[in-house]
Amino acid sequence: MGAVGAAATPARIRRGATILNLTAGHGRPLHVLAIGAHCDDIEIGAGGSLLQWASEGHLARVDVMVCSSTPDRAEEAREAAHAFLDAVPQVQVAVHAFRDGFLPHEGPALKETFEALKATLAEGASPDVILTHWRDDRHQDHRLVSDLTWNTFRDHLVLEYEIPKYDGDLGQPNAFVAVSDEHVARKWELLRRHYGSQADRYWFTEDTFRGLMRIRGVEARSATGFAEAFTMRKAPLALDSGAAARTEAARDSVGALRWGTT
Ligand SMILES: [Zn+2]
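Residues numbered from 1 in each chain as written. Predicted model: local features only at pLDDT ≥ 70, side-chain atom pairs only at ≥ 80, totals over all residues.

> Explain the overall build of the protein to me, please; I cannot follow it from the model alone.
On a plain count of helices and strands, the protein comes out with seven helices and 10 strands. Put simply, the protein has 262 residues, and 44% of those count as buried. Looking at the protein alone, contacts between residues at least 24 apart form 74% of all its contacts between residues at least 6 apart. (Helix = DSSP H or I, 4+ residues; strand = E, 2+ residues; numbered from the N terminus. Buried ≥ 20, exposed ≤ 12 C-beta atoms within 10 Å, placed from the backbone. Contact = placed C-beta atoms within 7 Å.)

Have a look at this one:
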């Protein structure tokens, strides 16, 4: 598999690499649901991809759900989400107040929160893509959020993002989104600006995030040199070979997603 992009701009694509282009039915912009255990997780794991996709006009709507916060950190998370997603027409941010580090001990209430989210989304358009934690992340909160995502959402494309940390649990992700130099820099600029509460953490530095994106960029043969990486466990594929495929798309497949190659 090559890199995965949301209908990436051809100029960004390295010739010779096969790229799977992710598009929703009829090529409309995507509706993304992003779920994080803690206030900065989504931006650390997928902030570059969200900036990239939003700048290219591929995002119609993003719903953000953060599970754990304090009042101060909740405010940081809301401001950060809106800053990362300021180019997205519709953004919904929900920040809950479960206790950091204790999510497995609040299982029933957290499960109810996921079910409530599912019910809310069912009233509107269903997300095309769900971003969540990597299933084998060693942080107990991250792992539970990943499990609950898969428990709750059965008809969606789920991409699991990664978080660098003390545990040393980085895996071998299999889906990559090329991130431009500009958005690599912007990701850190927004993280630093909006998460002041994390400024004294030894790992909260530009080189941590830039370094990981550089390594993933090498693995992806990213034309920009940088990428964010995800684990994609399952993905129903449909070859989009033109108008016939687009007509068929109206009949819906899982998540109404179509994949083409470049
Ligand atoms: Zn976290």
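On we go.
> Sorry, what's going on with the sheet that holds strand β9 (residues 227-231) here?
Pairing between sheet strands relies on hydrogen bonds along the backbone, with the strands arranged either parallel or antiparallel. Strand order in the open sheet formed by seven strands is β5-β4-β3-β6-β7-β9-β8, with mixed pairing between adjacent strands. Strands with a single pairing partner mark the edges of an open sheet, and in this sheet they are β5 (90-98) and β8 (175-178). Averaged over all pairs of adjacent strands, the angle between strand axes in this sheet comes to 25°, irrespective of strand direction. Here four bridges tie β8 to β9, and the two strands are oriented antiparallel to one another. Counted as the bridge partner of Ala175 is Phe230 from β9. The sheet strands contacting helix α1 (residues 41-55) are β3 (30-36), β4 (59-68), β6 (129-133), β7 (157-161), β8 and β9, and the helix crosses β3 at an angle near 165°. In the packing of helix α6 (residues 206-220) onto the sheet, contacts are made with β8 and β9, and the angle to β9 comes to roughly 75°. (Pairing = 2+ DSSP bridges. Axes fitted to C-alpha atoms, helices over the stretch in contact; angles between N-to-C directions.)

> Before we go on, may I ask you to explain the packing of helix α5 (residues 181-194) against α6 in this structure?
Working note: a packed helix pair is described by the angle between its axes plus the distance between those axes. Running from amino to carboxyl end, α5 crosses α6 at an angle of 150°, the nearest separation of the two axes being 10 Å. With respect to their mutual orientation, α5 and α6 come out roughly antiparallel. As for the relative orientation of α5 and α6, their crossing is right-handed in sense. For the pair formed by α5 and α6, the contact residues are Val184, Lys187 and Trp188 on the first element and Glu206, Phe209, Arg210 and Met213 on the second. The residue inventory of the contact of α5 with α6, partitioned by class, reads four nonpolar, no polar and three charged. (Parallel < 35°, antiparallel > 145°, perpendicular 65-115°, else oblique. Left-handed = near helix turned anticlockwise from the far one by under 90°. Nonpolar A, V, L, I, M, F, W, Y, C, P; charged D, E, K, R; others polar.)

> I'm lost on helix α4 (residues 140-152) in this one. Help?
A turn of α-helix holds 3.6 residues, and therefore any two residues three or four places apart point the same way. The end-to-end C-alpha separation of α4 is 18 Å, in line with the 18 Å expected for 13 residues at 1.5 Å each. On its buried face, α4 is in contact with β3, β4, α3 (107-122), β6 and β7. (Expected span 1.5 Å × (residues − 1).)

> Before we go on, may I ask you to explain unusual backbone geometry in this structure?
For residues that are not glycine, phi is negative in most cases, and the peptide bond is trans in most cases. Located in the positive-phi region is Arg221, a residue other than glycine, with phi close to 50°. Tracing the sequence through the fold places Arg221 in the loop between α6 and β9. When the 15 C-beta atoms within 10 Å are taken as the criterion, Arg221 is described as partly exposed.

> Mind showing me how you'd approach the environment of Arg193 here?
Position of Arg193 relative to the elements: it lies in helix α5. Linking Arg193 and Ala83, residues 110 residues apart in sequence, is a C-alpha distance of 10.0 Å.

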